[in-house]
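# Remarks on the overall topology
Listed below, chain by chain, are the residues.
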Number of protein chains: 2
Amino acid sequence: MSDINYSPVVSTRIRLARNIKKYPFPIMLSEEKSNEVIQEIVKVFENDEQLRDRYEINILKRIDMLTKQEMVEHHLISTNLLNEYEKGAVVVSKDKKISIMINEEDHIRIQCLEKGMGIDDAYEAANRMDDILEGSLEYAFNEKLGFLTSCLTNVGTGLRASAMMHLPALKAMGELKRIIQTLSKIGLTVRGAYGEGSEALGNMFQISNQVTLGVSDKDIIEAVKNIIIQLTEKEEKARNFLISNDRLLIEDKIYRSYGVLKNAKLLNYEESMMLLSDVILGIDLGIIEGNNTMLHHIMNNIQPASLQLVYKEELNERERDIKRAEYIGDLLN
Amino acid sequence: MSDINYSPVVSTRIRLARNIKKYPFPIMLSEEKSNEVIQEIVKVFENDEQLRDRYEINILKRIDMLTKQEMVEHHLISTNLLNEYEKGAVVVSKDKKISIMINEEDHIRIQCLEKGMGIDDAYEAANRMDDILEGSLEYAFNEKLGFLTSCLTNVGTGLRASAMMHLPALKAMGELKRIIQTLSKIGLTVRGAYGEGSEALGNMFQISNQVTLGVSDKDIIEAVKNIIIQLTEKEEKARNFLISNDRLLIEDKIYRSYGVLKNAKLLNYEESMMLLSDVILGIDLGIIEGNNTMLHHIMNNIQPASLQLVYKEELNERERDIKRAEYIGDLLN
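Residues numbered from 1 in each chain as written. Chains lettered and ligands numbered in written order. Predicted model: local features only at pLDDT ≥ 70, side-chain atom pairs only at ≥ 80, totals over all residues. Heavy atoms only, no water.

### Focus: the sheet that holds strand 5 (residues 108-115) of chain A
Note: strands within a sheet are paired through backbone hydrogen bonds, in either parallel or antiparallel orientation. All names here are of chain A. Reading across the sheet, the eight strands line up as 2-3-4-5-1-8-10-9 and stay open at both edges, with antiparallel pairing between neighbours. Sheet topology places strand 2 (55-59) and strand 9 (188-191) at the edges, where each strand pairs with a single neighbour. Going across the sheet, the axis of each strand differs from the next one's by a mean of 20°, ignoring polarity. Relative to the sheet, helix 5 (residues 119-136) contacts strand 1 (9-18), strand 2, strand 4 (98-102), strand 5 and strand 8 (159-166), its axis offset from that of strand 5 by approximately 150°. (Pairing = 2+ DSSP bridges. Helix = DSSP H or I, 4+ residues; strand = E, 2+ residues; numbered from the N terminus. Axes fitted to C-alpha atoms, helices over the stretch in contact; angles between N-to-C directions. Contact = heavy atoms within 4.5 Å.)

### Observations concerning the packing of helix 5 of chain A against helix 8 (residues 217-263) of chain A
Residue and element names in this part refer to chain A. Where helix 5 contacts helix 8, the axes come no closer than 11 Å and their chain directions differ by 155°. Considered as vectors, helix 5 and helix 8 are oriented roughly antiparallel to each other. In this structure, the crossing between helix 5 and helix 8 has a hand that is right-handed. Taken together, the residues of helix 8 that come into contact with helix 5 (itself represented by Ile119, Asp120 and Tyr123) are Asp217, Ile221, Val224, Lys225 and Ile228. (Parallel < 35°, antiparallel > 145°, perpendicular 65-115°, else oblique. Left-handed = near helix turned anticlockwise from the far one by under 90°.)

### Points about the relation of the copies chain A and chain B
Both copies of the chain are tied together by a single rotation about an axis and a shift running along it. Mapping chain A onto chain B calls for a screw motion: a turn of 180° about the axis and a shift of 0.1 Å along it, with 0.0 Å RMSD after fitting. The operation mapping one copy onto its partner corresponds to a two-fold rotation axis. Considering only C-alpha atoms, the residue of chain A closest to the rotation axis is Gly259 of chain A, which sits at 2.1 Å. A share of 100% of the interface residues of chain A reappears at the interface of chain B, consistent with the copies meeting face to face through the same patch. (Least-squares fit on C-alpha atoms with pLDDT ≥ 70 in both.)

### Points about the pattern of salt bridges
For the structure on display, the rule yields 42 salt bridges over all chains. Close ionic contact of Asp130 of chain A with Arg18 of chain A constitutes a salt bridge, the shortest N to O distance being 3.1 Å. Highlighted residues: Asp130 of chain A in helix 5 and Arg18 of chain A in strand 1, separated in sequence by 112 residues. Residue classification places Arg18 of chain A among the buried positions, given a relative accessible area of 2%. In this structure, Glu235 of chain B and Arg239 of chain B form a salt bridge, with 2.7 Å as the shortest nitrogen-oxygen distance. With a gap of four residues between them, Glu235 of chain B and Arg239 of chain B both fall in helix 8 (residues 217-263), about one helical turn apart. (Salt bridge = Lys/Arg side-chain N within 4 Å of Asp/Glu carboxyl O. Buried < 20%, exposed > 50% of the residue type's maximum accessible area, 1.4 Å probe, protein only.)

### Describing helix 8 of chain A
Helical periodicity: at 3.6 residues per turn, an α-helix aligns residues three or four positions apart in one direction. Across its 47 residues, helix 8 of chain A extends only 48 Å between first and last C-alpha, which sits more than 12% below the 69 Å expected from 1.5 Å per residue. For helix 8 of chain A, the principal kink sits at Asp246 of chain A and spans about 110°. (Expected span 1.5 Å × (residues − 1). Bend = angle between axes of the 7 residues up to and from the residue.)

As structure tokens, this is what we get:
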């Protein structure tokens, strides 16, 4: 797959929720017992030379807060796990495409990420990791229900398939509200980049399945894929409409956003995301030159914790706004 | 005087209102009689070799509308005279610093413009022109009242002294309203760049005297000069306050405006003026490099008629917004 992604599909992700039979769900575990769970899972990686080389084990309580926050910002761990970090760990592949959260809502959460429409690759990678772990651990599984999970919404396949999509034109045309309502009727949700309750910054929307019980993995993935394709088409139609309606108006908006990003001395995260969204759209539409991979990289690194780690210093909000403007101004073409 | 002006005083202007004794005021004149008045005044310039070389005579009905509108935009004629152009003319010095409107409210309106705080020079130039005209024409003059004019507010000296001031900091701090009220109590007015009823675009304000009766030329000029100096001090204090309060916030605003001016594809006149005002302030404060003479030149030429004459084509509003963005983007450093 090309490194440059000119489609609205920024990335796709598979998540599998699994639990170890002999332990209660994480919410019921003492810190000591949580450590046992961590050790059981970590052993799988430590005992295999190949895995040991390719994965990094992070016991969260041994890691500083900023780095943990950066992990949230880069989707390696969830806000939930950050809040329960004394009991948690995360195993991350060196290419950052696979992360296994330990003692989040479930003992094991395998997450596989692919750029663009890579949902099949992500599913394959998740399955391989699932097989590896199942080779050493006895999962909580019920013949009738499937995989048992802490939260009912994950019982069954324990699978969540999702896509991060950049939908500026649908947003601009006010069509997303209706789409979100329609999707919820067929068991899919649309949220901001950080899941439930998170705002969609920079026109980035996360589409994922809600239901995991009584459906097969294949059903879920097909349903999500189907919606990704439909949303891609709708977004492209909306872009074409905007362009054919008044190309110059779009060009003006995009260039203004570029001009502000390139020249501002103070940029907060929300505004930066909005302006970067315009520039990404501009590159997608061939209106301005640039590299969307770089822009997604910028979007990642201008988050509060990530930015502080880029500059290797603790920064208050004002200082972050200054450094964010500096960082974006320097990296933008 | 330096060509570059880093003070809030953009320009100063003297206007003298005069009438020829043997004719009724312009409002009472037929087109034929108006022409007689024009010829009387034009003769003064045509009969003198030096004046002939240095002044251009423009009979307004012989000039196309766009050029007449440009004359308004460049303050060579007033909107009043444009509306009555069939009866009017204007004599303009080649350096555009002196213009003599014929058959505006009064038969003769001598206007002298100087960059920056040049009010004394402007007054001198206006007086020289007044003497020249008085040498050949008999003015309507009353020993008790002074010069007789069509509108009562000009009776007496017929003198208006004014300054165009760039007051972004006073505007930003919301202090102008109070200042305007105070000035009106001492017979001075603050208006937009195009006089009564015109909006102050780009934080450009015209300060001038209201009263001309019962005061001497000297009194008027001293009063206006005094206010220019006071406003300059107040504006500078306001700028210092803004800078010391949060320099970065000001820098951010200025650079954003610069970024939009440099990158936008559509710019209307009002927004352009507002953004250019920020850039001028930025140059004044040493925040960005640039040449304020160039920026005032841009402000002049992006007006609707002037812009069309720059591009030598008739442009509708949308086309002007496009060309204005192009023009500014090209000329801005």
